[in-house]
Amino acid sequence: MKQKQSRPGETGFSRRGFLKGVGGAVGAAAVVSRVLEAPGLARADEITREGIRRVPAEGLEITLHVNGEERPVTVRPDQTLLEVLREQLGLTGTKEICDRGACGGCTVLLDGRSINSCLMLAVDAAGHEVRTVEGLVQDGRLDPVQQAFVDSDACQCGYCIPGFVVRSRALLDEFPNATPQQIRDGLAGNICRCAAYARIFEAVQTAAAGGNG
Amino acid sequence: MTWRPDNRLALENDGSRVDVRDKVTGAARYTTDYYPEGLLWASYIRCPYGKAFLRSSKLEAARAAPGVVEVELEKQEGTYPGDRLGHICAESRQALEQGLAALALEFERDRPATDIEREKKPLETFDEDPSVQEKQADLERIFSEAAHTLERTYQTQVQTHSCLEPHNSLVDYRGDHATARQSTQATFSVRNELTEVLGLPPDKVEMHCEHVGGGFGSKFGLSPEGQLAGKLSKKHGRPVRVLMNREEEHLDNGLRPGSLQYMKLAIGPDGKLLGGRIHTWGSVGPVGGGGGTSNPSRYNFGIVAKTHQDVNLNSGFPRAMRAPGHPQGMFAVEMMMDELAEAAGMDPLEFRRLNETSDVRRAMLDVGAEQIGWHRRKPSGTWEGPLKRGFGIGVADWGNSPGEATITIHVYPNGNVEVLSGSQDIGTGFRTLLVDCVAHQLGIDRARVEAKVGVSTYPPGPGSGGSVTSRFVAPKALGAAEQARQDLRQRVAREWGVPADEVAAENGVFKHADRTMSWNEACKLIGQDRLTVTEKENGIFWKEQTGSEAVQFVEVEVDVETGIVRVKKVVALQNVGQAVNRKTVENQITGGVIQWISFALFEDRILNRQTGAMVNPNLEFYKIAGSRDIPEIVPIIWQSRPDAGVNSLGEPPVVPTPGAVGCAVANAIGVPVRRMPITPWRVLSALAERDGGAV
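Procedures and definitions
Residues numbered from 1 in each chain as written. Chains lettered and ligands numbered in written order. Predicted model: local features only at pLDDT ≥ 70, side-chain atom pairs only at ≥ 80, totals over all residues. Helix = DSSP H or I, 4+ residues; strand = E, 2+ residues; numbered from the N terminus. Buried ≥ 20, exposed ≤ 12 C-beta atoms within 10 Å, placed from the backbone. Contact = placed C-beta atoms within 7 Å. Rg over C-alpha atoms; globule rule 2.2 N^0.38 Å. Nonpolar A, V, L, I, M, F, W, Y, C, P; charged D, E, K, R; others polar. Pairing = 2+ DSSP bridges. Axes fitted to C-alpha atoms, helices over the stretch in contact; angles between N-to-C directions. Domains from an automatic or database assignment. pLDDT = per-residue confidence, 0-100. Right-handed = clockwise from strand over helix to strand, strands pointing away. Parallel < 35°, antiparallel > 145°, perpendicular 65-115°, else oblique. Left-handed = near helix turned anticlockwise from the far one by under 90°. Expected span 1.5 Å × (residues − 1). Arc of directions from axis to C-beta. Core = buried A, V, L, I, M, F, W, Y, C linked by C-beta atoms within 7 Å.

Student: What exactly am I supposed to notice about the overall build of chain A here?
Tutor: Scanning chain A from N- to C-terminus turns up eight helices and five strands. What you see in chain A, going N to C, is helices and strands ordered as α-α-β-β-α-β-β-α-β-α-α-α-α. In chain A, which comprises 213 residues, the share counted as buried stands at 52%. Sequence-distant contacts in chain A: of pairs separated by 6 or more residues, those separated by 24 or more amount to 60%.

Student: Would you take a moment to explain the overall build of chain B for this structure?
Tutor: On a plain count of helices and strands, chain B comes out with 20 helices and 27 strands. Taking 2.2 N^0.38 as the reference for a compact globule, 695 residues should give roughly 26 Å; the C-alpha atoms of chain B span a radius of gyration of 28 Å, in line with that estimate. Sorting the 695 residues of chain B into buried and exposed places 57% on the buried side.

Student: I keep staring at the interface of chain B and chain A and nothing clicks. Help me out?
Tutor: Frequently, the measure chosen for interface size is the accessible area removed from exposure when the parts meet. Each partner contributes residues to the interface: chain B has 43 residues there, and chain A has 42 residues. Listed by contribution, the elements that provide at least two residues to the side of chain B that touches chain A are α2 (20–25) and α18 (582–601) of chain B. Sorting elements by how many residues they give to the side of chain B that touches chain A places α18(B) first, with seven residues. Of the residues belonging to the side of chain B that touches chain A, the class tally is 15 nonpolar, 18 polar and ten charged.

Student: Any chance you could explain the sheet that holds strand β14 (residues 259–267) of chain B here in plain terms?
Tutor: To summarise the sheet geometry, strands pair through backbone hydrogen bonds and adopt either a parallel or an antiparallel arrangement. Residues and elements named next belong to chain B. The strand order across the open sheet formed by four strands is β7-β14-β15-β16, and the pairing between neighbours is mixed. Edge positions in the sheet fall to β7 (148–156) and β16 (303–312), since each has one partner strand and no second. Put simply, the sheet's adjacent strands are angled 10° from each other on average, direction ignored. Of the pairings in the sheet, the one linking strand β15 (residues 273–284) to β16 comprises ten bridges and is parallel in character. Paired with G276 across the bridge in β16 is V304. Helix α8 (residues 136–145) contacts β7, β14, β15 and β16 of the sheet and is inclined by roughly 115° relative to β15. Here helix α12 (residues 326–344) sits on the sheet and contacts β7 and β14; the angle it forms with β7, its principal contact strand, is near 150°.

Student: Hey, could you run me through the domain arrangement of chain B in this one?
Tutor: Here chain B is described as being made up of domain 1 (39–111), domain 2 (256–399 + 545–690) and domain 3 (402–541). On a C-alpha basis, the centres of domain 1 of chain B and domain 3 of chain B stand 52 Å from each other.

Student: Any chance you could explain the confidence of the model for chain B here in plain terms?
Tutor: A low pLDDT means the predicted coordinates there should not be read in detail. Residue and element names in this part refer to chain B. Of the residues in chain B, 98% have a pLDDT of 70 or more, and the chain-wide mean is 96. Low pLDDT, under 50, characterises residues 1–7; the predicted model gives this stretch 16 contacts beyond four residues in sequence or across chains. For this predicted complex, the interface confidence comes out at an ipTM of 0.96, alongside a pTM of 0.93.

Student: Can you walk me through the domain arrangement of chain A in this structure?
Tutor: Residues and elements named next belong to chain A. We note that the domain assignment places domain 1 (16–135) and domain 2 (137–209) within chain A. If you list the elements that add at least two residues to the side of domain 1 that touches domain 2, you get β3 (107–110) and β4 (113–116). Here the element with the most residues in the side of domain 1 that touches domain 2 is β3; it accounts for three residues. In terms of residue class, the side of domain 1 that touches domain 2 is built from six nonpolar, seven polar and three charged.

Student: Would you explain the pairing of β15(B) in this entry?
Tutor: Consecutive residues of a regular strand have side chains that alternate between opposite faces of the sheet. Of all twelve residues making up β15(B), twelve are buried, and the element is well covered by its neighbours. Adjacent in sequence and paired antiparallel, β14(B) and β15(B) are bridged by five residues, among which B:G271 carries a positive phi angle near 90°.

Student: Would you mind going over the sheet that holds strand β1 (residues 40–47) of chain B with me for this structure?
Tutor: Residues and elements named next belong to chain B. Pairing is mixed in the open sheet, where seven strands are placed in the order β3-β5-β1-β12-β9-β10-β11. In this open sheet, the two edge strands, each paired with only one partner strand, are β3 (68–73) and β11 (205–208). Pairs of neighbouring strands in the sheet enclose a mean axial angle of 20°, with direction left out of account. Strand contacts of helix α9 (residues 187–198): β9 (168–173), β10 (178–182) and β11, with the helix running at about 145° to β11, the strand carrying the most contacts. Helix α10 (residues 223–236) rests against β1, β5 (83–90), β9, β10 and β12 (240–243) of the sheet, and its axis sits at about 25° to β9.

Student: Would you mind going over the environment of B:V646 with me for this structure?
Tutor: Residues and elements named next belong to chain B. Tracing the sequence through the fold places V646 in the loop between β27 (632–638) and α19 (657–669). Here V646 falls in the buried class, since 26 other C-beta atoms lie within 10 Å of it. Setting aside residues up to four positions removed in sequence, V646 forms contacts with S470, R471, A474, G577, Q578 and V580.

Student: Explain unusual backbone geometry here, please?
Tutor: Residues apart from glycine generally show negative phi values, whereas peptide bonds are mostly found in trans. The linkage connecting B:N295 with the following residue, B:P296, adopts the cis geometry, with an omega of 10°. With respect to the helices and strands, B:P296 occurs in the loop between β15 and β16. Residue B:P677 is bonded to the preceding B:M676 through a cis peptide linkage, with omega at -10°. Relative to the elements of secondary structure, B:P677 occurs in the loop between α19 and α20 (680–690). Phi at A:N67 takes a positive value of approximately 50°, unusual for a residue other than glycine. Residue A:N67 is classed as buried on the basis of its 21 C-beta neighbours within 10 Å. Backbone geometry at A:D153 places phi at a positive 55°, although glycine is not the residue there. With 24 C-beta atoms packed within 10 Å, A:D153 lands in the buried category.

Student: Just to check I follow, could you spell out the pairing of β27(B) for this structure?
Tutor: All names here are of chain B. A large share of β27 lies buried, amounting to six of its seven residues. Two elements, strand β26 (residues 565–575) and β27, share seven bridges in a ladder whose sense is parallel. Directly across from K569, in β27, lies its bridge partner E632. Following the backbone out of β26, through α18 and into the adjacent parallel β27, one traces a crossover that is right-handed.

Student: It is not clear to me how the packing of α18(B) against α19(B) should be interpreted in this structure. Could you clarify?
Tutor: Two measures define how a pair of helices packs: the angle their axes make with one another and the distance between the axes. All names here are of chain B. Packing of α18 against α19 leaves a shortest axis separation of 8 Å and a crossing angle of 55°. The angle between α18 and α19 falls in the class oblique. For the pair α18 and α19, the sense of crossing is right-handed. Taken together, the residues of α19 that come into contact with α18 (itself represented by V593, W596, I597, F599, A600 and L601) are T657, P658, V661 and G662.

Student: Looking at this structure, how should I read α9(B)?
Tutor: In an α-helix, one turn spans 3.6 residues; hence positions three or four apart end up facing the same way. Residues and elements named next belong to chain B. Between the first and last C-alpha of α9 there are 16 Å, a value that for twelve residues agrees with the 16 Å anticipated at 1.5 Å per step. For α9, the complete set of buried residues consists of T187, V190, R191, L194 and V197. Buried residues of α9 fall within an arc of 120° about the axis and therefore sit on the same side. Structurally, α9 contributes buried residues whose contacts are with β9, β10, β11 and α10.

Student: Help me understand the nonpolar core in this model?
Tutor: Nonpolar side chains tend to gather and get buried jointly when the protein is soluble and globular. Residues and elements named next belong to chain B. If you look at the biggest cluster of nonpolar residues, it comprises 248 residues, and the most contacted ones within it are V419, V438, A477, V661 and V665. Setting aside its immediate chain neighbours within four residues, V438 contacts I409, V417, V419, V449, A477 and A481. The next biggest cluster of nonpolar side chains, apart from the first, holds seven residues, and it includes A113, L260, W281 and V284.

Shown next, in the form of structure tokens:
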């Protein structure tokens, strides 16, 4: 699914190095090739010699692949994936809490890996499969992680919970039989101020033991 | 006194909170999640420094920035970081940010007051107070008779609420009416204040807060966000959003004030507290107060002369925070209790039993000691090796007076039930309480009952403060359900042609002799659109109240080479009278414990002493306990009376934790760390100081 090695000179966007720093969730080489193939994006005149592509300040029409659907959107270069998901696509389950990658409230899946959508520009998400907390529900059936959160009453105010759910999904995809320690370590990027952690750990552990969907 | 792990209602109601599915799928919509057509964004223009005068600004450049609708500066002088100097309104959030940048504010800074120790009046000043003078003779006697007298000062830091849903408001004024959404703990107070801003009667302003992303005391009243959104929506005739960013959350949306607490207490030869002198200082905003602490409290202190001073600093204003004054007060109290016990050569558990004011807590102390394994506690500082274990105790209680609320229930002919309250669910499980009370009293499955809350057109109810919501509302929910049950019973009796008092109505089934009628069949007898019942009296459902007593035992491990404190286990005993729903009660107990472990060990609002600016207005350097910091927590729902009412829960579980953690650390390392947060540096400093060195 993911190509890990980057090819120097081909990696694309000005925030490339930044994104790589966000936890290696995005294979940089894959970003470029996919983005350039994406509809509405491959405008050669906007690709500079260094491979850095300019996006017009007034916005660019791109197609985002979100929750299995193609969603055409016009995005400005300064808009984060989080903003576009919430404000243009109505996917408000993904929350903005700290707006700088410290809380995990805006976690979404990008090609199956969890990322902070507040730290990714929307233009950079083109060509990737984005899945939000809403998209974990399939044909009205909750994802096993969501069901485990329901059964364990794993929330209080609930504002952080979409982030915890999505991160837990990614964690269990990576470690299907996650140990309690792996769960604690894996959720260290998410903050729950009401501190429903005991219930959250129980839920993720149940989802892990329950065959992981 | 009986101890059972759960009680009747809680055992019946072991379901998860009724809105959990909406919360895990993203379907639950908070105030932040609405983006109406024509939305304008607004925010305050703020002073970044503690004390500063606005020297220059590029007002016209900001007004000319693309998308900016209006920029107004209303004052030049800022007296705390985040002080509101004016406002800006724009077509989008980006335009708002660009307009603010274009404003290019330049300030002339003055030296701010940032340090409570530096700004406070000296202790001696308060000895002249009449309340001290009149006890002077007693105090002199106490100190002369005392077997031991200790003089100590404890310090606690400023804690910010850090609600994850920021303070935000969305007001849509439409001339003759308005709709508002606000993240609030008090639907009706927001609605009422908004009517004044908008110049509309209460029935023309509809306030919504169906989901609220945490409040912890900081979301009462219309507040600056609602004031500005209301004012600008009325002016422009468009929906206006004011949304605080994370920095503004820390700076200007309330905090738990810091404290310095001086205690000079004496104990007699038998180990009983005789009394003494206590003075506390609280760090508050540039004007006004609100820095009080609950010290002394809970234990039988004897004769105490207590005085307090609020110390004005150039920092944000306090707002009520989950048990205002209590966790910091009880930190000093519990630490002092352990130091006194140590001086008297007594076990801290025995010392507390001796000076305890509550029989309920004395029983809880016994159970808690057994649950944590108190016998494993060693005398302070005697643990071998670099990883040292320590044990500590904290206690609390809470008042349970009655209050007003109204509940309406609709029973539909298809057997479904709605229960309505305008009060809000801020994450405590208020919806769940309503559903479980009504389902219990009607004897039907909770899936048949839906709670509708957080809208000002629903029946009036309290704001979520002082841990009152459940206690005020539960008797009315039970009473309304009981009325509906009796109404249906009469309809069934009429249908069968028998006296109503001969018809049994239990578990949702109606019976007379060998005849039975199901809930669904009975509801078909409702001869109108629905059966509506409204209850505003407590009636027979106001039961005898408890003291919402709390006792917590904490076990820590401290690495004396790194200074790192790890909480290993907490046993949290909590009397809630009648627990309504086991999972939400336990969740709130454990959450409270973790939040105040976070306060004891990590959280700290740090001000730059030169500029008064906050150094860590974010979530990476304002450290909050996370998944790696969570100990094993054993919540124990206590029952002290077999037929108690539904009592306070929100606040009491957070009160004992910091003191218990502090005592456990002192026990582990053999020297008290008298200042929170108990960071590695402070642990190492305390050890070094004891050993005659410095870190």
